[in-house]
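Each chain is listed here by its residues.
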Amino acid sequence: MTTTAPATRTSSSAVAGARRFAGTVSPSSSTLTPLDATEIHLTDGFWAEKQALNADVVLRHCEDWMERIGWTGNFDRAAAGLGDPGTPWEHSGIEFVDSEVYKLLEGMAWELGREREPALQARYDALVDRVAAAQEDDGYLHTSFGRAWQRPRWSDLEWGHELYSMGHLLQAVVAAERTGASPRLVEVGRRLAEHLWSVFGPEGRVAICGHPEVEVALAELGRALDEPRWVELARLFVERRGHGLLGQIEYGSEYFQDDVPVRDADVLRGHAVRALYLAAGALDVAVETRDDELADAVRRQWEATVAARTYVTGGMGSHHQDEAFGADHELPPDRAYSETCAGIASTMLSWRLLLADGDARYADLIERTLLNVVLASPREDGRAFFYTNTLHQRTEGVEPDEDELNARALSSLRAPWFEVSCCPTNVARTLASVEQYFATRTADGVQLHQYGSYDVDTVLDDGTPVALSVTSGYPLDGRVAVTWRGDVDREVELALRVPSWADGSAVTVALPGEEAGEAQGPTIVVRRRFSAGDVVVLDLPTTAEWVRPDARIDAVRGQVAVQRGPLVLALESTDLPSGTVNDVLVDTTVDPVTTPAGARVELSRSRTPAGGWPYGRSTATADPLGSVELVPYATWGNRGPSTMRVWLPVDDLEA
Ligand SMILES: [Zn+2]
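Conventions we followed
- Residues numbered from 1 in each chain as written.
- Predicted model: local features only at pLDDT ≥ 70, side-chain atom pairs only at ≥ 80, totals over all residues.
- Heavy atoms only, no water.
- Pairing = 2+ DSSP bridges.
- Helix = DSSP H or I, 4+ residues; strand = E, 2+ residues; numbered from the N terminus.
- Axes fitted to C-alpha atoms, helices over the stretch in contact; angles between N-to-C directions.
- Left-handed = near helix turned anticlockwise from the far one by under 90°.
- Contact = heavy atoms within 4.5 Å.
- Nonpolar A, V, L, I, M, F, W, Y, C, P; charged D, E, K, R; others polar.
- Phe/Tyr/Trp six-rings, centres within 6.5 Å; stacked < 30°, edge-to-face > 60°.
- Buried < 20%, exposed > 50% of the residue type's maximum accessible area, 1.4 Å probe, protein only.
- Lys NZ or Arg CZ within 6 Å of the ring centre and 35° of its normal.
- Donors = N, O, S within 2.8 Å, 3.2 Å for Na, K, Ca; no water.
- pLDDT = per-residue confidence, 0-100.
- 1 Å grid on protein atoms, 1.4 Å probe; cavity = no way out; pocket = protein on both sides within 12 Å on 5 of 7 lines; lining within 4 Å.
- Points joined across faces, edges and corners; volume = space filled by probe spheres on them.
- Parallel < 35°, antiparallel > 145°, perpendicular 65-115°, else oblique.

This brings us to the sheet that holds strand E7 (residues 465-472). Strand order in this open sheet of 7 strands is E2-E6-E7-E8-E13-E10-E11, and the pairing throughout is antiparallel. A single partner strand is all that each edge strand has here, and the edge strands are strand E2 (40-42) and strand E11 (517-518). In the sheet, strand E6 (residues 454-459) pairs with E7 via 6 bridges, with the strands oriented antiparallel. Its bridge partner being in E7, Tyr454 is matched across the sheet by Val470.

The next thing to look at is the packing of helix H1 (residues 46-68) against helix H13 (residues 422-432). Running from N to C, H1 and H13 point in directions that differ by 145 degrees, and their axes come no closer than 9 Å. Where H1 crosses over H13, the handedness of that crossing is left-handed. Taking contact as the criterion, the partners of Trp47, Lys50, Gln51, Asn54, Val58, Leu59, Cys62 and Met66 in H1 are, on H13, Pro424, Thr425, Val427, Ala428, Leu431 and Ala432. Here the contact of H1 with H13 is built from residues that sort into 10 nonpolar, 3 polar and 1 charged.

With that settled, consider the packing of aromatic side chains. Taken as a whole and assessed by the stated rule, the structure comprises 24 aromatic pairs. An angle of 90 degrees between the planes, with centres 5.4 Å apart, marks the rings of Phe46 and Trp47 as edge-to-face. Residue Phe46 is classed as partly exposed on the basis of its relative accessible area of 27%. Trp47 gets classed as buried once you look at its relative accessible area, which sits at 6%. When the centroid spacing of 4.0 Å and the interplanar angle of 10 degrees are considered together, the rings of Trp484 and Phe530 count as stacked. Here Trp484 is found in strand E8 (residues 479-484), whereas its partner Phe530 is found in the loop between strand E12 (523-528) and strand E13 (535-539), with 46 residues between them in sequence. Comparing Trp484 with Phe530, the two get one shared label, buried. Cluster of aromatic residues (ring-pair linked, three or more members): Phe46, Trp47, Phe438 and Tyr454. Sitting above the plane of the Tyr140 ring, Arg153 keeps its charged end 4.0 Å from the centroid.

Binding of the zinc ion to the protein goes through Glu339 (OE), Cys341 (SG), Cys422 (SG) and Cys423 (SG), at separations of 2.0 to 2.3 Å. Here the donor residues for the zinc ion map to a single chain with the spacing E-x1-C-x80-C-C. Residue Cys341 is located in helix H11 (residues 340-357), and its partner Cys422 is located in helix H13; the two are separated by 81 residues in the primary sequence. The exposure class assigned to Cys422 is buried, which follows from its relative accessible area of 5%.

Before going further, it helps to spend a moment on the confidence of the model for the protein chain. On average, the protein chain scores 94 in pLDDT, and the residues at 70 or more come to 95%. When the criterion is pLDDT under 50, residues 1-17 qualifies, and its contacts beyond four places in sequence or with other chains add up to 50 contacts.

This part is about empty space enclosed by the protein. Across all of its chains, the model carries 7 cavities of 30 Å³ or more by this definition. Counted as a void, the largest cavity has a volume near 200 Å³. Residue lining of the largest cavity: 16 residues in total, with Thr24, Glu106, Gln171, Met348 and Arg429 positioned closest to the centre. Going through the elements one at a time, helix H3 (98-114), helix H5 (162-179), helix H7 (214-225), H11 and H13 are the ones with two or more residues in the lining of the largest cavity. Residues that form the lining of the largest cavity fall into these classes: 7 nonpolar, 5 polar and 4 charged. Lining the second largest cavity we find 14 residues, and of these Ala37, Trp110, Gly113, Arg114 and Glu435 sit closest to its centre. If one sorts the elements of the lining of the second largest cavity by residue count, H3 sits on top with 3 residues. Taken together, the residues that form the lining of the second largest cavity break down as 5 nonpolar, 7 polar and 2 charged.

At a minimum axis separation of 8 Å, H11 and helix H12 (residues 360-372) run at an interaxial angle of 160 degrees. Between H11 and H12, the crossing angle belongs to the class labelled roughly antiparallel. Judged by the sense of rotation from one axis to the other, the crossing of H11 with H12 is left-handed. Along its contact with H11, which presents Gly343, Ser346, Thr347, Ser350, Trp351, Leu353, Leu354 and Asp357, the element H12 presents Tyr362, Ala363, Leu365, Ile366, Thr369 and Leu370. In the contact of H11 with H12, the residues fall into 8 nonpolar, 5 polar and 1 charged.

Structural data, given as C-alpha cells:
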C-alpha cells in the first residue's frame, strides 16, 4: 500500500522540502510509478490554459448550477430531516445527483492540492460540511433512498445508482486524503466504507450496483487509507458481476456487464461508461491481488475494443438508445454517442494499463482521447458542455437556453447543464488532475508520455533528484524541448514517447551537444549523465495527413479524415462559402495543406440527380468549392450553430 502522507495546509509548489502526496492512482506495484501530484506542474501554454479555465470558471459553474437547482440543497434537507425521516421534503433532480456534488468536491480537492487558495478552501469546506451533515448514524449517505417516504435502501440496484454515487464520494475522499484538503470528508469516507463492508462484505449481501464505479473507488480508497478491506470489497464486487445478479432489463444484462464474468469477457460491451469504469476497477483489483488472469482479461478487452469499437477521435459508444458499444466496426459517425464520460473512463483505464505494463499504446490512446473527446466537451468559455460527441452533425443546432436544463443527447450545441449532468463535473475533476497523466518514473529515470509545457521535480528510488522542464507548443507544434534544471550524479534514462500518428514521418531527436538525428518509435530512450542546461529536443512533424478507415467500418467506407499531429480535424459549415457540410466531396489527389490551426483541403459539392430519387445508374457530378479550412474537432461548435463532419466522402464519382 502507499506510504504517502497527506500534505500540510500550505502551498505545495515544487520547492525543496515540499510535502509529497500521491495523485489519483497509486498502485502498490507497477512497471511505471506515477509521479506524486506535487512533482509535476503545468507551466504555461495549451494545457495550463485549460486547467486555469477549469479552476477559474468550470468549478464555479458546476457549483453555481447545483446550488441554483437544489442538488446541493438535497444534503441540507436530508440533514435537517435526520431526526424525522418520516416527514417528506422535496428531492431535487434524478436519484443520482449526489454524485455530481462529489465529482465537484474531487475536482476542488485536486486544485487545493496544487495551491491552497483560501477562497476556494472556504467554498470547499462549506460544501464538505453540508455533505457530512447528511450522513446517517450507521454511515449510510444518499439523499434519494431510505426515508419513510422514499424507496428503501438498496431496493433498486439495477437503476438506483446508490453504490455508484457513493463511489464518486469515495473518489472525492481519496483526493481529500491525499491533498490534505479535508480530514472531515475523509472521516465521512471511512464511516461510509465501514457501512458498505457490513452490508456487502464477505458476511453481507451478495449484490452489485447496476452502474459500476464503486469498484475503482474502493480499490483506490484502500490504497489511500492503507486498508486492505476496501480492496477486498472492490474485488468482491468485480467477481460477483457477470452472474446475472441484477434483474432482467430491456437492453439485456450485457447493458451493465452482468452477462459474462469480467475474467471471461473478450471485449468491452454494453453501456460504455459502465464497462470502462468496471474494467478500470478490475485492473486495480488485479494489480493489488496479483491476479494475472484478471489483468490479462482487461488487457484483452482493451485490445479488442480499440481494434473494432473505437472512433478515430478515441470516442467510445455508438448507440444512443442504451449508451452502449455497438458490434465490432459498428461506428456510424452521425450516430456516434461517444459520451464525454466514456472518454474520461477510457483514459482512466488506459492510464492504469500504462502504469502496469509501460506500453506506449496506452499513452497513445490517452492522448487521442484527451485532445479529441474530453477537450471537445467544454465550450471555449467553460460554461457549456457536450454530453455526446458526434462525428457528423447533419443539422444546425438550436442555441440552448443558458438558464434551463437540457436533454443529455442534445449534441447540436454545447449546453450549460443537463438533467443527467455527469459530464461537466467529470470534465472538472479530470482537468483539475490532468497533468498526472503526463509523466512517470522508474528506478532508472523518467518517462514523458504527454507533451505540453510542464515541470517535473521528482526523486528516483535511490534518492537521485530529477528536475526538468518540458516546453512545447503541442498539440499544434510538435517540437518538444526537455531542459534539465540540475546536474544528475549518475546515468539516468529519459524516455520520450513517439506517438503512433508519427509512424513513417521524419521524427528527429537532438541530444545535448549533438546534431539532430532520425528517431524511431514507439519510445526513444536517452541514457546519460545529464547536466544542468542539457536540452533534448524531440521534433514530431505535425503536418496534416489523410486518415483512411478499415474497410469493415462500413459507415465511413469511401471517406477520409484529416489528422494534424494528434488532432483530428473537422469540416464545419462556418468555414464553407455557403450551406452545409452534408454534400461535400474531397479531392484526395491534392494533399492537405497544413495551416497554423488546422489544414486546408480541396472540396467540391455534389449535384444531386434530378427527380428527387437518390439512387440510380448514373452518378452525380460535382461543382468545385476550392480550398477550405478544417479546424480541430475539439473546437467545433464554438462559433454558433453549424453543421460539421470529420469523415469526408472522396470525390471519385466518375470512377
Ligand atoms: Zn457523462
